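# Structural characterization, general
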Amino acid sequence: GITGSEQVEVDVLGRPVRSLSLTPPIAGNNVELTLDFPLQQIAEVAMADNNGAIVAMDPTNGEILALVSMPGFEPGLFIDGINSTLWNELNTSPNKPLLNRALRGAYPPGSTLKPYLALGALESGKRHAADAINDPGYYVLPGTTFTFRDDKKGGHGRVDMLKAVVESCDTYFYTLAFDTDIDDTARFLAPFGFGQRTGIDIDGEVMGVLPSRAWKRERFSGSAYREDHRRWYKGDSISAGIGQGYNSFTPLQLVQAVSAIATGGAVYRPHLLKRVIESSTGFPTETKPELVRQINLKPENIQFIRQAMTQVNQYGTAARSFWGASYKSAGKTGTAQVFSLKGEKYEQGKLDKRLHDHALYIAYAPVEDPKIAVAIIVENGGFGARAAAPIARIMFDYYLLHKEPEQKQPLPPKTEVDWEE
């Protein structure tokens, strides 16, 4: 729009005498966003006092339905110029309220990466769905004494690919990572959007890290590093094989990637602008969905991964959160390590809150006709099944059923399902 103005003649005391000229303001065009405002509010409330981010998207067209970064701040403070005290509080807070975590928070994806690694193994022929291992509860890197713990003490027993995804068996993915070249993994994951900007129509998103040999050589190319720092090791692959190590992605990248699972390989560019409405005529200019790419996947492989992610919510690590739901959903929990345990056992109760694991969850629903996909990270929230998946249930219930959040969700009876990860 254009700002209006008026020239006024005044007397010596500054009192208006007469108007000399008047230029009326011209209204600008109206902007309509894709956000579902009640869903946005529900997501913010569900995060409670946790730090983290939530991104919800329509997987069929890239429309952003909710975009949450917590903690937030009051943007009105900046309208007339923020005072130095408030600015210092915002700028130096350890909770980083000025950081848009949805776009600029890069986190290890943890086990949320496992469905893509499994899909890559099927596509390459490295594994068949029926191939199974015996999981004793740990994995020893061949030729070394390095031992990598499984997520479940005592192991998962006999594990095929379906069980590995549903129960989130680390040992299965350690063995897969050892047998797969990291550059092949990077080439398969890249089309899903991992480690690259999505191109969303607001500024500020970061690329994250999709590790490869070339990436590591570039990352440690400075004179402060030796040649052995730049070399890729099998141990690097083992950590990357459970979504740890150098892997680092934004919640926006995670929601784009899980949407690609929901659509069978269609990757849409996320966008917040729904339409621009011309102020003088009321004529709307719609934002058209942009299909970035179609990933060529074998139908039987993508269907298998969808089935596995559906069973995660029915019988696996997220089953407790989706108990009693009247719709089918598919998802994957994740728990990302914040600091190196150096071989020690993780005991959350003995650690400072900021050293607790991050909780992650990706999902879409309904399975038969996906309308919403989410990526959720609760910083230092612990298990993804406990801290992140329940938020998705609240959002799905509202968006699909128009059901308002309840004060207390009923819990299912205890079963032998391993709820934790």
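Everything discussed here concerns the structure shown above.
Here is a short report on the structure shown in this document. (Residues numbered from 1 in each chain as written. Predicted model: local features only at pLDDT ≥ 70, side-chain atom pairs only at ≥ 80, totals over all residues. Heavy atoms only, no water.)

### Digging into the overall build of the protein chain
A tally of regular secondary structure across the protein chain gives 14 helices and 16 strands. The principal-axis extents of the C-alpha atoms in the protein chain amount to approximately 95 × 55 × 45 Å. Of all 421 residues assigned to the protein chain, the portion counted as buried reaches 47%. In the protein chain, once contacts between residues fewer than 6 apart in sequence are set aside, the share between residues at least 24 apart is 69%. (Helix = DSSP H or I, 4+ residues; strand = E, 2+ residues; numbered from the N terminus. Buried < 20%, exposed > 50% of the residue type's maximum accessible area, 1.4 Å probe, protein only. Contact = heavy atoms within 4.5 Å.)

### Re the sheet that holds strand β15 (residues 358–365)
If you trace the 5 strands from one edge of the open sheet to the other, you get β5-β4-β16-β15-β14, paired in antiparallel fashion. On the outer flanks of this sheet lie β5 (64–70) and β14 (330–336), each paired with one strand and no other. Mean inter-strand twist for the sheet, computed between neighbouring axes without regard to direction, equals 5 degrees. Two strands pair when backbone bridges link them, and β15 and strand β16 (residues 372–378) are joined in this way by 7 bridges, in the antiparallel orientation. Counted as the bridge partner of tyrosine 364 is alanine 373 from β16. (Pairing = 2+ DSSP bridges. Axes fitted to C-alpha atoms, helices over the stretch in contact; angles between N-to-C directions.)

### Points about the packing of helix α4 (residues 114–124) against helix α7 (residues 182–189)
For the pair α4 and α7, interaxial distance at closest approach is 10 Å and the crossing angle is 105 degrees. When the axes of α4 and α7 are compared, the pair comes out roughly perpendicular. When α4 is examined against α7, the residues Tyr116, Leu117, Leu119, Gly120 and Glu123 are found in contact with a partner set consisting of Thr185, Phe188 and Leu189. By residue class, the composition of the contact of α4 with α7 is 5 nonpolar, 2 polar and 1 charged. (Parallel < 35°, antiparallel > 145°, perpendicular 65-115°, else oblique. Nonpolar A, V, L, I, M, F, W, Y, C, P; charged D, E, K, R; others polar.)

### So, the pairing of β15
When you tally the buried positions in β15, you get 8 out of 8 residues, the bulk of the element. By the alternation rule, side chains of β15 split into His358, Leu360, Ile362 and Tyr364 and Ala359, Tyr361, Ala363 and Ala365, which are all buried. The pairing of β14 with β15 spans 7 bridges and is classified as antiparallel. Looking across to β15, one finds that lysine 332 is bridged to isoleucine 362. In textbook terms, the turn of a hairpin is the stretch between consecutive antiparallel strands, and for β15 and β16 this stretch comprises 6 residues.

### Observations concerning helix α1 (residues 37–47)
Along α1, the residues classified as buried are Leu39, Gln40, Ile42, Ala43 and Met47. Axial view of α1: buried residues confined to an arc of 165 degrees, hence all on one face. Projecting away from the buried face of α1 at angles above 90 degrees are the exposed residues Phe37 and Val45. Of the surrounding elements, those touching the buried residues of α1 are β4 (52–57), β5, β16 and α14 (389–401). At the N-terminal end of α1, a side-chain oxygen is found 3.0 Å from the backbone nitrogen of leucine 39, two or three residues along, and the residue is aspartate 36. Immediately beyond the C-terminal end of α1, within one or two residues, lies alanine 48, with a positive phi of roughly 55 degrees. (Arc of directions from axis to C-beta. Polar contact = N/O pair within 3.5 Å; in protein donor to acceptor, adjacent residues only side chain to side chain.)

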